[in-house]
Amino acid sequence: MPYPEMFEGYMIKDQSKWTEFEKQEFKPKKFEDRDIDIKIECCGVCGSDVHTITGGWGECPLPICVGHEVIGKAIKVGDKVTTVKVGDRVGVGAQIRACLECKLCKADNENYCPHMVDTYGAPYEDGTIAQGGYSSHIRAHEYFTFPIPDNIESKDAGPMMCAGLTVWSPLVRAKVGPGKKVAILGIGGLGHFGLLWASALGAEVYALSHSANKKDDALKLGAKEFICTKDKDWAKPLAFTFDFILNSADMTHEFNIQEYMSTLNVNGEFHNVGLPDKPLPQMMAQDFAPNGAKMGGSHIGNRPEMLAMLKLASEKNIKPMIETLDISEKGCKEAVERVKVNDVRYRFTLTGYEKVFGK
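Cut-offs and rules
Residues numbered from 1 in each chain as written. Predicted model: local features only at pLDDT ≥ 70, side-chain atom pairs only at ≥ 80, totals over all residues. Heavy atoms only, no water. UniProt positions renumbered as here; feature names shortened; annotations may be inferred. Helix = DSSP H or I, 4+ residues; strand = E, 2+ residues; numbered from the N terminus. Rg over C-alpha atoms; globule rule 2.2 N^0.38 Å. Buried < 20%, exposed > 50% of the residue type's maximum accessible area, 1.4 Å probe, protein only. Contact = heavy atoms within 4.5 Å. Areas by Shrake-Rupley, 256 points an atom, 1.4 Å probe, with all protein chains shown as cover. Lys, Arg positive; Asp, Glu negative; His and termini not counted. Charge placed at Lys NZ, Arg CZ, Asp CG, Glu CD. Pairing = 2+ DSSP bridges. Axes fitted to C-alpha atoms, helices over the stretch in contact; angles between N-to-C directions. Core = buried A, V, L, I, M, F, W, Y, C linked by side-chain atoms within 4.5 Å.

As annotated in an unreviewed UniProt entry, the chain is alcohol dehydrogenase (NADP(+)) from Letharia columbiana. Per UniProt, the chain carries the Subunit (unreviewed entry) text "Homodimer." For the chain, the Catalytic activity (unreviewed entry) comment in UniProt is given as "a primary alcohol + NADP(+) = an aldehyde + NADPH + H(+)".

In structure tokens form, the structure reads like this:
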């Protein structure tokens, strides 16, 4: 593999064979003045990876190398890069580019930029398709490359790059903190970060889950109380309770949403970060009237939010619950298969990159 002309990764060639990873070379985009080349050390496995390769979110450009929870070492920096130097340990999340000139970018909403480039499966202006972190290297714009505090282990930092930020951003934008009652719905890869962050921000935190066996974990992660949503009439005692519900589940199409909405305080919000393959259940406008409730959603987060999240995690020594697997055809297959059926507590990080890609 003649770096820097070519990178190498574990790629999927057919969405009907979404567990069949094959190691192959791919050509990165042209290196520019604000780009950084990163030799990858590890990469988290995101539900988005599975939705993409299975076709749950539609067709994607093939072959594709997924992975957008990347941690590694900067080995080359462009002439205009000021935030990273060669040798720094850095992370890259689910976005790798934006115009940085539109009104959204200038208002720290670059994660909604209409010209954004996703970290994998999206075209650059020259037509090159971005490829992700199940690979030897990644080439990223410096604005979307983040220094990792020394006391956060790489395996823990990886999942923060997408899962962590995806729940951090809506929590801080909703001003979650002391005096707020917050429910985290769905205790999985996203939801377990929701419990960690909401608790660290000082809110009174509740865990909502249909899996009673997650109670002990939820309490360890910061929940004041665990509520099993399989219990009969679980919502009735909670009417007008929560200021904010963060829905991190990707099975919302099977929910009785009206039941969840009934637990919101007046003008409370039911906020979606879990993105299922199927549409939400049908609702009536009247469902929002009894408590003036709102429903919303969000997409990852911005650079200042990422840096603030990492700072808090470092200062409070916050550690997610992570399982590791060595990257390989077999390791990638096991990871995506188990994420598909929610058989992970609560996030995978692929490690062992030097064994397969060399030093």
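From this point on, the discussion continues.
Undergrad: Please explain the overall build of the chain as it appears in this structure.
TA: Along the chain, the regular secondary structure elements total nine helices and 17 strands. For a compact globule of 359 residues, the expected C-alpha radius of gyration is about 21 Å, and the chain comes in at 20 Å, within 12% of that figure. Overall, the chain is about 65 × 40 × 35 Å in size when its C-alpha atoms are taken along their principal axes. Relative to its full complement of 359 residues, the chain shows a buried share of 55%. In the chain, the share of contacts with a sequence separation of at least 24, taken over all contacts with a separation of at least 6, comes to 71%. Total accessible area computed for the chain in this model is approximately 15500 Å², and 50% of it derives from carbon and sulfur atoms. One finds the centroid of the 43 positive side-chain charges in the chain at a distance of 3 Å from the centroid of its 48 negative side-chain charges.

Undergrad: Mind showing me how you'd approach the environment of Ile12 here?
TA: Considering the arrangement of structural elements, one finds Ile12 in strand E1 (residues 7-12). Assessed through its relative accessible area of 0%, Ile12 is described here as buried. When the C-alpha positions of Ile12 and Glu22 are compared, they lie 6.6 Å apart, and in sequence the two are ten residues distant.

Undergrad: Looking at this structure, I do not really get the sheet that holds strand E13 (residues 242-247). What am I missing?
TA: What holds strands together in a sheet is hydrogen bonding between their backbones, with the strands either parallel or antiparallel. Within the open sheet, the six strands sit side by side as E12-E11-E10-E13-E14-E15. Their pairing is parallel. Of all the strands in the sheet, just strand E12 (225-228) and strand E15 (294-297) have a single pairing partner and so form its edges. The average angle at which neighbouring strand axes cross in this sheet is 20°, direction not considered. Here four bridges tie strand E11 (residues 204-209) to E12, and the two strands are oriented parallel to one another. Bridge pairing in E12 places Leu208 opposite Ile227. Along the sheet, helix H3 (residues 154-173) contacts strand E10 (181-185), E13 and strand E14 (264-272); its crossing angle with E13, the most-contacted strand, is approximately 160°.

Undergrad: What exactly am I supposed to notice about the nonpolar core here?
TA: The nonpolar side chains of a soluble globular protein tend to be buried with one another. One finds Met160, Leu195, Trp197 and Leu310 to be the most contacted residues of the largest nonpolar core, which totals 46 residues. Counting residues per element, the ones that place at least two in this core are H3, E10, helix H4 (189-200), E11, E12, E13 and helix H7 (303-315). A total of nine residues in this core trace back to one element, the largest contributor, which is H3. Counting residues in each nonpolar core, the second largest holds 44 residues, with Cys43, Val50, Ile138 and Leu350 among its members.

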